[in-house]
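Residue strings, one per chain:
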Amino acid sequence: MVVCCWSAKGGAGTTVVASALALLLARRSRDGAVIVDLAGDVPAALGVPDDAPAGVSDWLTIGEHVPADGLARLERPAGGGLAIVPRGRGSLVEARAHALVALLATDHRPVVIDAGVIDGPGVPATLAASAPTSLLVTRPCFLSLRRALSVPVRPSGVVLVVEDGRALAAADVEGALGVPVCAQVLVTPQVARAVDAGILPSRLPRSLERELRDVA
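Reference entry: report on the structure contained in this document. (Residues numbered from 1 in each chain as written. Predicted model: local features only at pLDDT ≥ 70, side-chain atom pairs only at ≥ 80, totals over all residues. Heavy atoms only, no water.)

**Let's talk about the sheet that holds strand 5 (residues 111-117)**
- The 8 strands are arranged 3-4-2-5-1-6-7-8 in an open sheet whose pairing can be described as mixed. The sheet is open, and its two edges are formed by strand 3 (76-79) and strand 8 (181-186), each paired on a single side. The sheet shows a mean angle of 25° between the axes of neighbouring strands, taken without regard to direction. (Pairing = 2+ DSSP bridges. Helix = DSSP H or I, 4+ residues; strand = E, 2+ residues; numbered from the N terminus. Axes fitted to C-alpha atoms, helices over the stretch in contact; angles between N-to-C directions.)

This is how it looks when you write it as structure tokens:
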């Protein structure tokens, strides 16, 4: 199972949604789950040190000479049965993107990818387009939807981050994008506090768990 979460505009909440979804899948799976961080913010969202010496960018750069278990060696524990494959410090080399897709598909654990913002071709776009479940995380915002329509990736579903004061509803988002809204996540102080305090793995807000239950 591979789920890729991405957005077309910054500030949508992609990392929090991807992290929460990965935590839920880790709880359900006997072998845990893994989250692949392409944006670089997952350790901070989960409250774990961002001190890994290497990450996905290094795996992509090494190319065909990487050991068979090279990606697994990069994993870092995040608690609750969840492992992080960190981004790394270098650029994401697109030439090996399809090899990464194929390798992640062979993992017996659920895999969640935080692809961050996609604004054109590249490794995040390749993974988002290839994942069996590709989730656009967006707010019900005209500018965000406009940007999403210009991205060269069609999602299989939408996670709508809902906040007060927006004129657009889920039906408007579905009509504009032509894909279903799979979940609606409310912006609440509880979620913000859990992320800011670094306790998301140990105190996942019940609202997030309830809202993402059907997606997981």
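**Quick look at the packing of aromatic side chains**
- In this structure the tally under the stated criterion is 0 aromatic pairs.
- One residue, Arg96, lies across the ring of Trp59, its end atom 4.8 Å from the ring centre. (Phe/Tyr/Trp six-rings, centres within 6.5 Å; stacked < 30°, edge-to-face > 60°. Lys NZ or Arg CZ within 6 Å of the ring centre and 35° of its normal.)

**Here's the deal with the packing of helix 5 (residues 97-105) against helix 6 (residues 123-130)**
- Between helix 5 and helix 6, the shortest axis-to-axis distance is 9 Å and the interhelical angle comes to 40°. In this view, helix 5 runs oblique relative to helix 6, as classed from their interaxial angle. Judged by the twist between their axes, the crossing of helix 5 over helix 6 is right-handed. Seen from helix 5, the contacting residues are Ala97, His98, Leu100, Val101 and Leu104; seen from helix 6, they are Val123, Thr126, Leu127 and Ser130.
- In terms of residue class, the contact of helix 5 with helix 6 is made up of 6 nonpolar, 3 polar and no charged. (Parallel < 35°, antiparallel > 145°, perpendicular 65-115°, else oblique. Left-handed = near helix turned anticlockwise from the far one by under 90°. Contact = heavy atoms within 4.5 Å. Nonpolar A, V, L, I, M, F, W, Y, C, P; charged D, E, K, R; others polar.)

**Focus on the environment of Gly10**
- Tracing the chain through its elements places Gly10 in the loop between strand 1 (2-7) and helix 1 (14-28).
- Accessibility expressed as a relative area gives 53% for Gly10, which makes it exposed. (Buried < 20%, exposed > 50% of the residue type's maximum accessible area, 1.4 Å probe, protein only.)

**Comments concerning the pairing of strand 8**
- Two elements, strand 7 (residues 157-162) and strand 8, share 5 bridges in a ladder whose sense is parallel. In the sheet register, Val158 faces strand 8, and the bridge partner there is Val181.
- With helix 8 (residues 170-177) bridging strand 7 and its parallel neighbour strand 8, the resulting β-α-β unit is right-handed. (Right-handed = clockwise from strand over helix to strand, strands pointing away.)

**Notes on the environment of Gly13**
- You can see Gly13 is positioned in the loop between strand 1 and helix 1.
- When the C-alpha atoms of Gly13 and Val151 are compared, they prove to be 18 Å apart, with 138 residues separating the residues in sequence.

**Focus on the nonpolar core**
- By size, the foremost hydrophobic cluster in this structure holds 42 residues, and its most contacted members are Trp6, Leu38 and Ile113.
- Apart from the residues within four sequence positions on either side, Leu38 is in contact with Val56, Arg87, Leu92, Ile113, Asp114, Ala115, Val123, Pro124 and Leu127.
- Grouped together as the second largest cluster of nonpolar side chains are 35 residues, Leu24, Leu46, Leu204 and Leu212 included. (Core = buried A, V, L, I, M, F, W, Y, C linked by side-chain atoms within 4.5 Å.)

**What about the pairing of strand 1?**
- Across the 6 residues of strand 1, 6 count as buried, placing the element largely inside the fold.
- Burial of the side chains of strand 1 extends over both faces: Val2, Cys4 and Trp6 are buried on one face and Val3, Cys5 and Ser7 on the other.
- Judged from the 6 bridges that link them, strand 1 and strand 5 form a sheet pairing that is parallel. Counted as the bridge partner of Cys5 is Asp114 from strand 5.
- In terms of strand pairing, strand 1 meets strand 6 (residues 133-138) through 4 bridges, oriented parallel. The residue bridging Cys5 from the neighbouring strand is Leu135, located in strand 6.

**Section: the packing of helix 7 (residues 142-150) against helix 8**
- Running from N to C, helix 7 and helix 8 point in directions that differ by 25°, and their axes come no closer than 10 Å. Between helix 7 and helix 8, the angle is such that the two are roughly parallel. Here helix 7 runs over helix 8; the crossing is right-handed. Residues Leu145, Ala148 and Leu149 of helix 7 pack against Val173, Ala176 and Leu177 of helix 8.
- Of the residues belonging to the contact of helix 7 with helix 8, the class tally is 6 nonpolar, no polar and no charged.

That is the geometry; function is a separate question.
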